[in-house]
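# Coordinate analysis (summary)
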Amino acid sequence: MAICPYYRYNFPMNKSNFEWDEAKNLENQEKHGVSFYDAQHAFKDDRRVIAEDVVHSQDEKRYFCFGLNQENSGILTVRFTYRNNQIRIIGAGYWRKGRKLYEQEN
């Protein structure tokens, strides 16, 4: 996960819809144990951190959301893009760098 350098962003989370590719969701669940449905909860965290992924933003801007899971027991890292007023989730998991960045910012 390359996030250096990163920038903070605010997206209108309350009014946004989420979307994802279902095949990618299933692949992510097998690889990282997190469904994209569950990953949405990171965006509901009032202390979430949104950072641009400048390394993987060649064709369109990509971002990370670092936020608490539904149970408030872990920090999720969610990779996404924002297109047509929708958050398109690309990947999600529990990554140490994401937790560390979240803790540094909060």
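Presented here is a report on the structure given in the accompanying data block. (Residues numbered from 1 in each chain as written. Predicted model: local features only at pLDDT ≥ 70, side-chain atom pairs only at ≥ 80, totals over all residues. Heavy atoms only, no water.)

### Quick word on the overall build of the protein
The secondary structure content of the protein amounts to 4 helices and 5 strands. Across the protein, helices and strands are ordered from the amino to the carboxyl terminus as β-α-α-α-β-β-β-β-α. Per-residue burial over the protein gives 42% buried out of 106 residues. Approximately 6,500 Å² of the protein is accessible, and the part contributed by carbon and sulfur atoms is 43%. (Helix = DSSP H or I, 4+ residues; strand = E, 2+ residues; numbered from the N terminus. Buried < 20%, exposed > 50% of the residue type's maximum accessible area, 1.4 Å probe, protein only. Areas by Shrake-Rupley, 256 points an atom, 1.4 Å probe, with all protein chains shown as cover.)

### Here we look at the pairing of strand β2 (residues 49-52)
Each regular strand carries side chains that alternate between the two faces of the sheet. Taking every second residue as pointing to the same face, both faces of β2 are buried, with V49 and A51 on one and I50 and E52 on the other. As paired elements, β2 and strand β3 (residues 63-68) share 4 bridges and run antiparallel to each other. In the strand pairing of β3, I50 is matched with C65. (Pairing = 2+ DSSP bridges.)

### Section: the sheet that holds strand β1 (residues 17-19)
As summarised here, the arrangement of the 5 strands in space is β1-β5-β4-β3-β2, forming an open sheet in which the pairing is mixed. Looking at strand neighbours, the two that pair on one side only are β1 and β2, the edges of this open sheet. When the angles between neighbouring strand axes are averaged without regard to direction, this sheet yields 35°. Across the face of the sheet, helix α4 (residues 96-105) comes into contact with β2, β3 and β4 (75-83) while running at roughly 70° to β3. (Axes fitted to C-alpha atoms, helices over the stretch in contact; angles between N-to-C directions. Contact = heavy atoms within 4.5 Å.)

### Examining the packing of aromatic side chains
Counting across every chain of the model gives 5 aromatic pairs. On the basis of an interplanar angle of 65° and a centroid distance of 5.1 Å, the ring pair of F18 and F43 is categorised as edge-to-face. Linking F18 in strand β1 with F43 in helix α3 (residues 41-44), this pair joins segments that are 25 residues apart in sequence. Plain terms: the ring middles of F43 and F80 are 5.0 Å apart, the flat faces sit at 75° to each other, and that makes the pair edge-to-face. Separated by 37 residues along the polypeptide, F43 in helix α3 and F80 in strand β4 bring together distant segments of the chain. A single burial state applies to F43 and to F80, both of which are buried. (Phe/Tyr/Trp six-rings, centres within 6.5 Å; stacked < 30°, edge-to-face > 60°.)

### Topic: unusual backbone geometry
Even without being glycine, N72 reaches a positive phi, approximately 60°. Relative to the assigned elements, N72 resides in the loop between β3 and β4. Residue N72 is classed as exposed on the basis of its relative accessible area of 55%. Unlike most non-glycine residues, N84 shows phi in positive territory, near 50°. With relative accessibility at 70%, the residue N84 sits in the exposed group.

### A word on the pattern of salt bridges
Under the definition given, this model contains 4 salt bridges. One salt bridge in this structure joins R88 and E19, with 3.5 Å as the shortest N-O distance. Taken together, the positions of R88 in strand β5 (residues 86-93) and E19 in strand β1 put the pair 69 residues apart, joining distant regions of the chain. The partly exposed category is assigned to R88, whose relative accessible area is 21%. Taking relative accessible area as the criterion, E19 reaches 24% and is therefore assigned partly exposed. (Salt bridge = Lys/Arg side-chain N within 4 Å of Asp/Glu carboxyl O.)

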